[in-house]
Amino acid sequence: MGNRSIEVIVGLFMIAGLAALLFLALQVSGLSPQATSDRYTLYANFNDSGGLAPRSRVAMAGVTIGTIESVTLDKETFQARVKMAIDADVDNIPADSAAVIRTSGLLGDQYIDVSVGGDMESLQPGDTFYSTQSAMNLERLISNFASGR
Amino acid sequence: MTDKLAALGRQGIAVVASLGRSGRFLAGVLMGVPRPIKGFPLLVQQLYSVGVLSLAIVVVSGLFIGMVLALQGYTILSDFGSESAIGQMIALTLVRELGPVVTALLFAGRAGSALTAEIGLMKATEQLSSMEMMGVDPLRRVIAPRLWAGFIAMPVLAVIFTVVGIWGGMLVGVEWLGVFDGAYWGNMQSSVDFVDDVLNGLVKSVVFGFVCAWIAVYQGYDCLPTSAGISSATTKTVVYSSLAVLGLDFALTAVMFGDF
């Protein structure tokens, strides 16, 4: 085989490798070119954040509209303060909506579900959800039930 | 009794000396590299024989491993009613572990043994020493292109293996077993992180490629110049590379994915 065709084949090999890496980046790890700039930040305070972790999803009516950026402890109120990045095109979340921690399936990951309110005003970037509902704690539920309270 | 002890000691010293020789050899090869323009055609030639010719076995193995993962994963996950997590399982297994490791094992068997045998035969037929006679440095002319070719080709092969495996998993999981394909890709995308998973897997394959190529060319260069010597060097290449890959994989996984 000529030198030239070997060069071409090796070039194709390298291109195939790069294409495969690109596939891993875009299709498998879901790395999208859209930057964080087309997202805005909302906060929510929970008494119990359960198993919520960064990169968990934020959903509305079951559709993912953002991700959780950080879960930190508010040292004054002893509540968990959750920072969320919401897609910029979802800019009309009613201001009295509630952030509820739910579990996908029986054993699945926990995520934040935004249950929609009826206010005409919508949450602005940097706002905090007024009403929240903490993670369901199965053990506490059972012990409450057992002790009859 | 003392004879046996002495033999054991001799063997130990031989192992240490061999390690030292391989280190000096590596240093010599790496020092001899910077001649990019003249060395480039040699590198391309080696990339062809090391990388392109290994492509077939890598693609076929990747396809079947992805398909087997999907079948096995489906059987287990459907017990818990969470078949839709199959994409996540296949992608994480392939990207983090099986992609780099299995590719490196195949690479050691397919390309590493060929490198060792080729260089060993060059040594046995005294081509290497005649090159030195002519004032051509065999480290630079013969060894360096092969080492670099292995180093470059291995990550490319591993990435291709991973992609083909994920595609094979989709063939079985989505097309045959009927997992919803939105769930297949969606779960995958929400759980695979580009930096943590894909890039760490790539780092693994770079390390494995370097180690495999180093062992292969060193064993060829250091073999006894007889037919028995070449055959034992080829065996050593495969055995040592496999052990090094599996051992290093544990160490790298502990560093990359261990929580401590």
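The preceding data block contains the structure.
Notes on the structure in this doc start here. (Residues numbered from 1 in each chain as written. Chains lettered and ligands numbered in written order. Predicted model: local features only at pLDDT ≥ 70, side-chain atom pairs only at ≥ 80, totals over all residues.)

## Examining the overall build of chain A
Then, in step 1: Within chain A one finds two helices and seven strands.
Then, in step 2: Reading chain A from its N terminus to its C terminus gives the helix and strand order α-β-β-β-β-β-β-β-α.
Then, in step 3: A compact globule built from 149 residues should have a C-alpha radius of gyration of about 15 Å, whereas chain A, at 22 Å, is more than 25% larger.
Then, in step 4: Principal-axis analysis of the C-alpha atoms gives chain A an extent of 85 × 40 × 30 Å.
Then, in step 5: Counting every position in chain A, which comprises 149 residues, the buried fraction comes to 18%.
Then, in step 6: Nonlocal contacts in chain A, meaning residues at least 24 apart in sequence, comprise 62% of its contacts between residues at least 6 apart. (Helix = DSSP H or I, 4+ residues; strand = E, 2+ residues; numbered from the N terminus. Rg over C-alpha atoms; globule rule 2.2 N^0.38 Å. Buried ≥ 20, exposed ≤ 12 C-beta atoms within 10 Å, placed from the backbone. Contact = placed C-beta atoms within 7 Å.)

## Things to note about the interface of chain B and chain A
Frequently, the measure chosen for interface size is the accessible area that the parts lose on association.
Then, in step 1: Contact with chain B, which involves 26 residues of that partner, is made by 21 residues of chain A.
Then, in step 2: Elements with a minimum of two residues in the side of chain B that touches chain A: helix H2 (36–50), helix H4 (86–124), helix H6 (138–176), helix H7 (181–191) and helix H8 (194–222) of chain B.
Then, in step 3: Residue contributions to the side of chain B that touches chain A peak at six residues, all from H6(B).
Then, in step 4: The residue inventory of the side of chain B that touches chain A, partitioned by class, reads 18 nonpolar, six polar and two charged. (Nonpolar A, V, L, I, M, F, W, Y, C, P; charged D, E, K, R; others polar.)

## Points about the packing of helix H1 (residues 3–28) of chain A against H6(B)
Pairs of packed helices are described in terms of their axes, by the angle between the two and the distance that separates them.
Then, in step 1: For the pair H1(A) and H6(B), interaxial distance at closest approach is 8 Å and the crossing angle is 50°. Considering their axes alone, H1(A) and H6(B) lie oblique with respect to each other. As H1(A) runs across H6(B), the sense of the crossing is left-handed. Only B:Val156, B:Val159, B:Ile160, B:Thr162, B:Val163 and B:Ile166 of H6(B) make contact with H1(A), whose side of the interface consists of A:Phe13, A:Met14, A:Ala16, A:Gly17, A:Ala20, A:Leu21, A:Phe23, A:Leu24 and A:Val28.
Then, in step 2: In terms of residue class, the contact of H1(A) with H6(B) is made up of 13 nonpolar, two polar and no charged. (Axes fitted to C-alpha atoms, helices over the stretch in contact; angles between N-to-C directions. Parallel < 35°, antiparallel > 145°, perpendicular 65-115°, else oblique. Left-handed = near helix turned anticlockwise from the far one by under 90°.)

## Observations regarding the nonpolar core
Then, in step 1: B:Leu157, B:Ile160, B:Cys212 and B:Val217 are the most contacted members of the largest nonpolar core, which totals 71 residues.
Then, in step 2: Within the residue set of this core, elements represented by two or more residues are H1 of chain A together with H2, helix H3 (55–79), H4, H6, H7, H8 and helix H9 (227–257) of chain B.
Then, in step 3: Other than its neighbours up to four places away in sequence, B:Cys212 contacts B:Ala104, B:Phe107, B:Ala108, B:Gly112, B:Gly150, B:Met154, B:Ser241 and B:Val245.
Then, in step 4: Among the nonpolar cores identified, the runner-up in size contains 16 residues, and A:Ile86, A:Ala99, A:Ile101 and A:Ile112 belong to it. (Core = buried A, V, L, I, M, F, W, Y, C linked by C-beta atoms within 7 Å.)

## Re the pairing of strand E2 (residues 57–60) of chain A
Residue and element names in this part refer to chain A.
Then, in step 1: In terms of strand pairing, E2 meets strand E3 (residues 63–74) through four bridges, oriented antiparallel. Bridging across to E3, Ala 59 finds its partner in Thr 64.
Then, in step 2: Sheet topology places E2 next to strand E6 (residues 110–115); two bridges connect them, and they run parallel. Counted as the bridge partner of Ala 59 is Asp 113 from E6. (Pairing = 2+ DSSP bridges.)

## Concerning the packing of H4(B) against H9(B)
Residue and element names in this part refer to chain B.
Then, in step 1: As a packed pair, H4 and H9 sit with axes 9 Å apart at the nearest point and diverge in direction by 150°. The angle between the axes of H4 and H9 places the two elements in the roughly antiparallel class. Crossing geometry of H4 relative to H9 is assigned as right-handed.

## What to know about the pairing of E3(A)
All names here are of chain A.
Then, in step 1: What sits between the antiparallel neighbours E2 and E3 is a turn of two residues, in which Ala 61 has the positive phi angle 55°.
Then, in step 2: Bridge analysis of E3 against strand E4 (residues 79–87) gives eight bridges, and the strand direction is antiparallel. In the strand pairing of E4, Leu 73 is matched with Ala 80.
Then, in step 3: The antiparallel pairing of E3 with E4 creates a hairpin that spans four residues between the two strands, and Phe 78 there sits at a positive phi of about 55°.

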